[in-house]
Structures are given as C-alpha cells and as structure tokens.
Amino acid sequence: MRDAQPRSIRLADYRPPMYLVPRTALHFELYESFTLVHATLQLVRNAASDERGPLRLDGEGLELREILIDGEAPAEGSWRCDEQGLEIDSPPEAFELSTTVRIDPRANTALEGLYLSRGMFCTQCEAEGFRRISYFPDRPDVMSVFTVTIDAELSRYPVLLSNGNRTAHAELVDGRHRVVWEDPFPKPSYLFALVAGHLACVEDRFRTCGGRDVTLRLFVEDKDVAKCDHAMKSLKRSMRWDEERYGREYDLDVFNIVAVDDFNMGAMENKSLNIFNTSCVLACPATTTDAGFQRVEAIVAHEYFHNWSGNRVTCRDWFQLSLKEGFTVFRDAEFSADMGSRDLKRIEDATLLRTAQFAEDAGPLAHPVRPDSYIEINNFYTLTVYEKGAEVVRMLHTLLGEDGFRAGSDLYFERHDGQAVTCDDFVAAMAEATGTDLSAFKRWYGQAGTPELTVTDHWDDAAGAYTLTVRQHTPPTPGQPEKAPLVVPLALGLLGDAGNLRLTLAGEAVDGEQADNTHRVLILEEAEQSFTFTDLPERPVPALLRGFSAPVRLAYPYTREQLRALMTRDDDGFVRWDAGQQLMVAALDDVQAALAAGEAPTLDPLLAEACQALLDPAAPDPAVAAAMLALPGESTLVELAAHAGGADIDAIHASREWLRAALAETLEDALLDCVRRHPPAAAYAPAGEQIGPRSLRNTCLAYLATRGETGLALARSQFAAADNLTDRLAALRVIAEAGDDTAREEALEGFLADWQHETLVVNHWLQLQATLDLPDEVERVTALLAHPAFELGNPNRVRALIGAFAGANLVHFHRADGAGYRLLGGVVETLNERNPQIAARLLAPLTKWRALPARADAMRAELSRLAALTALSPDVYEVVSKSLEAPAQAG
C-alpha cells in the first residue's frame, strides 16, 4: 500500500542482472493453513554485469525461517530482510543460497504467487508473482533449470503438478506423498507453476512430426470432465499447425493443462503446465456460446504457441512484453483464420482495435508497444502491447511475405533459443534473414498513438490516370508531443463498374503476372506521398486498407453511393464490411442531427437497400452477413465521436435505437424470412456451417425485438426449444429487454434456477443483466452485488457484472447523476486492497473522461476521490494519477 508516490521503472535504466541462477531446487510442504518453501539457488556472478555491492533478491509477504550460504549460516549483519526482499553483502563469485520461508496461500486474495482456489493450490507468477513464493531475482532475464519437490496430504491433494517431466513419486508418513518434477529447459521465474488438488484427468496423445509421443492431460473438477473434448482437440490442432507453419515441434514428454475458477488472467503459458481460467478451457453446448467455443480454441492455441514464442525464447525485461505477446497473438490469429473464416477473423480483430485500442492510444494511459516506463507492470498487459503488437508483427509479415517472414522467424528461434531477448532482436532476425532494412519500421515499437491517414485523389480522364495522395500524421501522446512518419503498408484495390481493376503504377513495366493484378500494397514512409495508377478504363472507387493492413485511422471522402458499391462488389471481405459500417455511421449521424433539431428522422434508402441485400437467400457467408448487418456498437460510436471532438452518449444511444427500430420495421418481412430459413440444427455443433446461420438468425432476432409481440413470440419459442447456450442467451436478452416486468423477472429467475450449478453459465447470467437497456440498470447491478451468485473474490464474477456494466452498458454507466461512476468507484476501492490487479483494470472506463465533455466533471470527481485515498495500491495509483494528468500537446 502507498505511503509515498510509487517510483517509475524506466527502460533506459535497464542493467543486466548482477548474478545468474543456473539451477534452482524448490521443495514445497503444503498444509491447509500454511506452506513451507525450501529453496536452493546456485548463483554465479554475471560476466555481463559491472554492478558491485549487495545482492538483492525479490521477496514479498515471506516469513524467513532459515538462510544458509554454502551450507552455513551467514554472519550477523551481513544480510537483511525488508518488505521488498532479501539483501546479502559481499556475496561470493559463485555460491549456493538456501532459504526456508513460510507463506499463507489462504490469505492470498491478490491471486499472485501461490494461492488457494476452492481447495486447490495453484500459482500465477507472471509478471512478478514468484517473489511471493520465495526469494529470487524475479526478472525475466534470469533463467534457471528448476527441480521441484512437492509434499502434500494424499487424500486432499492426490494430484501434484509442476513444470517439466515427473521423475519420482513416493508415499510418506502421516498420509502424505511426494512428487518430483524436473524441467530440463531454463526458464525465468515467471514461468514457474505448481498445482495441487483433487482433480480428474482427461488424457490423450499426440505424435510429433519428429516421431515423439507426447501425453496430453487436462485436469479439471470431476463435474467438468465432459467439457474437455473441445480444448483437447484444439490443443492437437494447434500442435500440428505450429509444426506445419513454423516448424516448431513440442519438446517434452507431457503437456498439462489445469482449469482454475479463480484466476486474474485468461490463461498462463507456464512451461508444460498451462493454467487456464475455466472460462477459457471448458466448453460444451449447454454452457458455452459459439463465441466461447472459438475463444477456447484461440486461447488454447495462444498458450501452446508460447512454448516457443515466449518460453524457449523469452523477453529480456517487461518493457519487451510484446516480443512474446504480440508475436503470439499474431500466430493465434492466423491459426484461428485457418480454422475458420479469415474475413470474419479480420473483422473481429479490426473491431477490437478500433473500438478499444484506438481509445487507449488516444487516452491518458497511451503508451508505445514497447513502453518507456511503468509503475506497476500489471497495468501494461494492454491492448496496445497485445493487439497492436500483433498488428506490428502482421505488418512485418506483409512487408516480407510469407516465405521471408518464415525465414526470419526460423532465424530468430535458432539464434535465440534459451535466451531472454528484445523486440530489436526480433526485428534484426527478420531484417537479416531477408536482407531488408527495417530500421525505420522499428519506430512502431517506440512511438505511441494511432497514425491517421488522409487520402485525396485526382482523376485524369484523358490519360486514364488516377493519383492517390496520402498524408500521415500521429497525434501527440503523453511524453511524446512530436511524432515521426511510420512505415505503413497500405493495401488497396480499385473498383470499377465491372469489378476490381488491374493495377499498374506509373513508370512500371507491365508483365504477364501484373496484367491480372487487382490488389496492391503501397509502402508509406513519408509524411506525404503520391501514387499514380495508369491505363485505367474509368474513374475507380478506391478500396483502401484492404484486410485492415495497418492499425491506422483512414479518412477518404467517400460518397454513400461509393460505399454502397464497395459494400456489395469489392473482392475484400474487410473492405465490404468497413464500407457498410461507414454507411451506417453516416445514417446514424443523420438521425442524431434530426433528433437534436427536434425533427423526425428518415431512414437512408441506400442503407435499407444494402441491408435488404444481405438478407437475400443468395447472399454469401451468413457469418459475414451477420457481421455486416450489426450496427456499430456504442463504444465504437463514442470513440469516433471523441476523435471528432467529443461524444454525447445519450444522443448516440437514442440515434442507434431509432435506426435499429427503423431498419427492423422496413425489413421486417425479410428478417422473418431469414429467421425461418435458418432454423436450429438438429444436433448442435460449434462448426462454421452452423455458427454462421445461427449468428445471422440471432442478429435478425435482435432487430425483431423492436417489433413488439412479433419478436417476443419468436424469442419465447427459441428460448423454450434451445439446446445450446448461444440461442438460449439471444432469446433471453430479447425477453428481458422487450418483455414486461413480470416476463423479464420470471425468465431471468427461471434461467438461474436451471443453471445455478454451472459456474460459467452464472457468469453469463450476470453479464446479461449488467448490459440490459433498462431504466434502473444502476440499481439492478448494485443489487446483484449482494446476490448469492456474485462473489467479489472471483475475477470472472467481477468482470461479468462490474466490468460488463462499466465497459459495455455505456448509456447507463454514464447516467447523468453519476451513480454509475460511484458504483464503479466503490467496487474499485474495495478491491484495491484485496486484488489490486483487477481493481486497476476495472478503472479503464473512467479514464476516458475527455471523450465525454458532458460527463467529464463527474468522472474526474470519482477519480479524484480515489486518488485521495491513503492506502492506494501502486496498480490503482498509476491508473488514477495518469488519468488526471494534463493531456499531451504538440510542440
């Protein structure tokens, strides 16, 4: 807790560790009320360090019972402990340090280090949790070979797991037993893991491309055994895909996954012992939505891919977090695209970037993909580091091509296997393998903010020449008032009356291959550049930023007719979707202006015509059609309005609801026909051929909810007959929002009564109620805090209720009386001491006060109240203090 302002840690201050730890032996004695941890560290002075003086080992919340140096008690006064660690004066060049500490996992509500979750011991050590287990140089550039011995009561904890391969098991006296694990690969302390509990096991096998048989095990509670099949299949697909796409073979005899209810993150890639939030690994039709099935597959893949991009090669320091996370998110996104719809995956990724990451770039906590400084590293597990970091890797892939990128990744893994390295090392491998100068590209890692591309054009009818001029600019961000131009790959096509046109740049020779080319990637490197295309038969419509080729904002003065043309005829799925979104935003602007003027809005006929076409039986891919039919979310609209000068959340909500109802009225027959044309499948499967039609049907149902009894009747019928959670939740939302009070409460209470024994379904029940559009939403959410189904100590419950309310129910969170802000602030204050990491992450919606001028004072007032608390954790302090700082100004 805070007695003085916490200090910032800066990248510029990085120094190599004074000592390395080649080998570590840990012996855990697990008891119900405490745990003893015996650690033996082999330490040697690091030749790369010129630092001298006392050796400092990290440690928090540890009760030291014994310390030995080379088997002897050190002299009194030659060492000392404090709340942050252990310090040893004049250490030898090489020595063995043995310590015994007592810890209390029961009291560990922060869920970092070793803690108890519903009777099961488990760990979470990334980023700095290992220091809550034992004294150690708890930094990612100290890599050690671990041997772990675990003793525990056999009847309570028959399963004892750690990293690597199990090498011994023995029964001890007094009903206890012992297991020994050895991991032959050096790893940093953040990848250490331990699990002890009474768990069921689902087992399978995988034969690697090199012929090794690997045992795959999922450990879960007995009641969840039937929910493991999808995760196991996803794991095996991931292992095969990584061999085929990257040549990466698994390297141990066993790969274990454990499902845990109480977990701050989604999952953790500990070497050979992945620990998963139950919401990210358990799946069955009755308890998991289609999106949930896809999320499980993606996260299982992500954590497995970390075995190479994160474990075998890890990050030197936490400023390099995107080295492992950005690269691995890119890898899991490509895997998901290969397993499903590439267009839909790109749309989903772009939506997340534009809605949330662009807002992060524009806010007080804006930071580069590789941050310059931090107070609490847990605050930098952000969309910028993960999602924007993945887009930076994707741009490298675009610039170098598939073969070049593979050559670069091969060199990276070969050169740095077993090392802790930097983002610069990653880019250097890509540059060397392909002979490409990437020095300017590296600005993406150090420069914060979202680049803005402004595109203008000129058509020379006589010459058949079309010129695009692109200007790029990145707004100032905290600590970076001036920005340099970035290397931006701008993918495009040119659309003519008969389809996409062939592309030839001025001065470029035309050969056979180029004659059929309708897609091009332009490389932007300067503040302003022009590109002229020749030999065109007509003035084209530019299809810009195809495939969302760069994480940028792009402005071009499209007419609505041009957007309609792109939406229906361009070859690129992202461009078609994006054109539809822009057409919807233009229509929403019209509605908002009319409502503000006290006039009756009218529906844009071009938009109605475009949506009608999406509902046609001949329309392709129903999943993409569903995405194109969905109106931009209120978070997206707020972000767009904020970028234009400021958002009015009430006006945005009113205009969006009007447009939803108007489209439903105009398209009612087509919507009903689409619902009937896509009835539920006879037997549910989370496969693309079912997910698309199901998504389209439920999108239509959401529109029809505005049509009174027509929509309600469909929802009641679907709710009664549903054999899967996707359809059940879609129908329940319609009943809850469009039905009367009695129908709503009966449906919600009945749903809980049926599913209260399923933890993950209860999370959905809470989340649905937190995001309803009802006048008393703040009071409803407040009451649910006291409901028996809610647990403040469970991060999933907190995210489902409070996170969803503040982050996804904008019109009610931003209620004019400030009640939503006070509700969030009260929960953050309570969690500040109990679980600072979750408390800090909940604060994100309050940090956006500059985007909402009419609510800014009330939002700042709640932030200021929190800032004045005397016992503020570093996690919350950093978010609050930076949110209240003055915005950056251009020089």
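Refer to the structure presented above.
Note that the structure is a prediction, hence the values are computed from the model and not measured. (Residues numbered from 1 in each chain as written. Predicted model: local features only at pLDDT ≥ 70, side-chain atom pairs only at ≥ 80, totals over all residues. Heavy atoms only, no water.)

Visitor: Any details on the overall build of the protein chain? Residues and values, ideally.
Guide: For the protein chain, the count of helices and strands is 27 helices and 32 strands. Computed over the C-alpha atoms, the radius of gyration of the protein chain is 28 Å, within 12% of the 29 Å expected from 2.2 N^0.38 for a compact globule of 891 residues. The principal-axis extent of the C-alpha atoms belonging to the protein chain is close to 90 × 70 × 60 Å. Relative to its full complement of 891 residues, the protein chain shows a buried share of 58%. Summarising the internal contacts of the protein chain: among those between residues at least 6 apart in sequence, 71% fall at separations of at least 24. Averaging the positions of the 85 positive and the 134 negative side-chain charges in the protein chain gives two centres separated by 2 Å. (Helix = DSSP H or I, 4+ residues; strand = E, 2+ residues; numbered from the N terminus. Rg over C-alpha atoms; globule rule 2.2 N^0.38 Å. Buried < 20%, exposed > 50% of the residue type's maximum accessible area, 1.4 Å probe, protein only. Contact = heavy atoms within 4.5 Å. Lys, Arg positive; Asp, Glu negative; His and termini not counted. Charge placed at Lys NZ, Arg CZ, Asp CG, Glu CD.)

Visitor: Outline the nonpolar core, listing residues and values.
Guide: Generally speaking, nonpolar side chains in soluble globular proteins are found buried as a group. Phe28, Phe192, Phe426 and Phe533 are the most contacted members of the largest nonpolar core, which has 279 residues in total. Considering each element in turn, this core owes the most residues, 12 residues, to helix α5 (residues 383-416). (Core = buried A, V, L, I, M, F, W, Y, C linked by side-chain atoms within 4.5 Å.)

Visitor: Outline the packing of helix α2 (residues 290-305) against helix α3 (residues 321-339), listing residues and values.
Guide: Running from N to C, α2 and α3 point in directions that differ by 135 degrees, and their axes come no closer than 9 Å. When the interaxial angle is binned, α2 and α3 end up oblique. You can see that α2 and α3 cross each other, and the crossing is right-handed. Of α3, the residues touching α2 (which contributes Glu297, Ala298, Ala301, His302 and Phe305) are Glu325, Thr328, Val329, Arg331, Asp332, Phe335, Ser336 and Met339. (Axes fitted to C-alpha atoms, helices over the stretch in contact; angles between N-to-C directions. Parallel < 35°, antiparallel > 145°, perpendicular 65-115°, else oblique. Left-handed = near helix turned anticlockwise from the far one by under 90°.)

Visitor: Describe the pattern of salt bridges, with residues and values.
Guide: By the definition in use, this model includes 78 salt bridges. For Arg118, the salt bridge identified is with Asp262, shortest N-O distance 3.1 Å. Remark: Asp262 occurs in the loop between β19 (254-260) and β20 (267-268) and Arg118 occurs in the loop between β9 (113-117) and β10 (120-124); sequence separation between them is 144 residues. Residue Arg118 is classed as partly exposed on the basis of its relative accessible area, which comes to 42%. Relative accessible area serves as the criterion here: at 9%, Asp262 is assigned to the buried category. Look at the salt bridges and you will find they share partners, linking Arg245, Glu334, Asp338, Arg342, Arg394 and Glu402 into a network. (Salt bridge = Lys/Arg side-chain N within 4 Å of Asp/Glu carboxyl O.)

Visitor: Could you give me a rundown of helix α1 (residues 229-246), with the residues and numbers involved?
Guide: The end-to-end C-alpha distance of α1 is 25 Å, a good match for the 26 Å that 18 residues give at a rise of 1.5 Å each. In the core, the buried residues of α1 are packed alongside β17 (200-207), β18 (213-220), β19, α2, α3 and α5. Of the residues one or two after α1, Gly247 is the one with positive phi, at around 70 degrees. (Expected span 1.5 Å × (residues − 1).)

Visitor: Lay out the environment of Val281 with the relevant residues and their values.
Guide: One can find Val281 in the loop between β21 (273-277) and α2. For the pair formed by Val281 and Glu779, sequence separation is 498 residues and the distance between their alpha carbons is 33 Å. Ignoring sequence-local partners within four residues, the contact set of Val281 consists of Leu218, Lys227, Ala231, Ile257, Ala259, Phe276 and Val296.

Visitor: Explain the packing of aromatic side chains residue by residue, including any values.
Guide: In this structure the tally under the stated criterion is 36 aromatic pairs. For the pair Phe327 and Phe405, a centre-to-centre distance of 6.2 Å together with 75 degrees between the ring planes defines the contact as edge-to-face. Note that Phe327 is positioned in helix α3 and Phe405 in helix α5, a separation of 78 residues in sequence. Owing to a relative accessible area of 2%, Phe405 belongs among the buried residues under this scheme. Ring geometry for Tyr412 versus Phe426: centroids 5.1 Å apart, planes at 90 degrees, classification edge-to-face. With Tyr412 in helix α5 and Phe426 in helix α6 (residues 423-434), the pair connects residues that are 14 residues apart, well separated along the chain. Of the residues examined, Tyr412 reaches a relative accessible area of 1% and is grouped as buried. One residue, Arg176, lies across the ring of Tyr31, its end atom 4.1 Å from the ring centre. Positioned above the aromatic ring of Phe327, the side-chain terminus of Arg331 is 5.5 Å from the ring centre. (Phe/Tyr/Trp six-rings, centres within 6.5 Å; stacked < 30°, edge-to-face > 60°. Lys NZ or Arg CZ within 6 Å of the ring centre and 35° of its normal.)

Visitor: Run through the sheet that holds strand β6 (residues 79-82), naming residues and quoting values.
Guide: If you walk across this open sheet you meet the 3 strands as β4-β7-β6, and the pairing is antiparallel. Either end of the sheet is taken by a strand with one partner, and the two such strands are β4 (55-58) and β6. Shown here is a sheet whose adjacent strand axes are inclined to one another by a mean of 15 degrees, direction ignored. Bridge count for β6 against strand β7 (residues 85-88) is 4 bridges, and the pairing is antiparallel. Bridge assignment links Asp82 to a residue of β7, and that residue is Gly85. (Pairing = 2+ DSSP bridges.)

Visitor: Now, about α2: what can you tell me, with residues and values included?
Guide: Taking 1.5 Å per residue, 16 residues should reach 22 Å; α2 reaches 23 Å between its end C-alpha atoms and fits that length. The buried fraction of α2 amounts to 13 of the 16 residues, a majority that puts the element mostly inside the structure.

Visitor: Explain unusual backbone geometry to me, and be specific about the residues and the numbers.
Guide: Between Glu126 and the following residue, Ala127, the backbone shows a cis peptide bond with an omega angle of 5 degrees. Its identity is not glycine, yet Leu111 carries a phi of approximately 60 degrees, on the positive side. The residue Leu111 is located in the loop between β8 (94-103) and β9 in this model. In this structure Leu111 comes out as buried when scored by relative accessible area, which is 5%. A positive phi angle, near 60 degrees, is found at Asp535, a position not held by glycine. Of note, Asp535 is situated in the loop between β30 (528-533) and β31 (541-544).

Visitor: I'd like a rundown of the environment of Val638, residues and numbers included.
Guide: Following the sequence through the fold, Val638 ends up in helix α13 (residues 634-644). For the pair Val638 and Leu824, spaced 186 residues apart in the sequence, the C-alpha separation amounts to 20 Å.

Visitor: Could you give me a rundown of the side chain of Ser162, with the residues and numbers involved?
Guide: Checked against the element boundaries, Ser162 lands in strand β12 (residues 159-162). Separated by 2.8 Å, the side chain of Ser162 and the backbone oxygen of Ala193 make a polar contact. Filtering out sequence-adjacent residues up to four positions away, Ser162 remains in contact with Val148, Ile150, Trp181, Phe192, Ala193, Ser272 and Leu273. (Polar contact = N/O pair within 3.5 Å; in protein donor to acceptor, adjacent residues only side chain to side chain.)

Visitor: So what's going on with the sheet that holds strand β32 (residues 553-555)? Which residues, and what values?
Guide: Sheet strands pair via backbone hydrogen bonds, and the direction of the pair is either parallel or antiparallel. Strand order across the open sheet formed by 4 strands is β30-β26-β25-β32, with mixed pairing between neighbours. Since the sheet does not close on itself, it has two edges, and those belong to β30 and β32, each with one partner. If you compare each strand with its neighbour and ignore which way they point, the axes differ by 20 degrees on average. Here strand β25 (residues 452-460) pairs with β32 via 3 bridges, running parallel.

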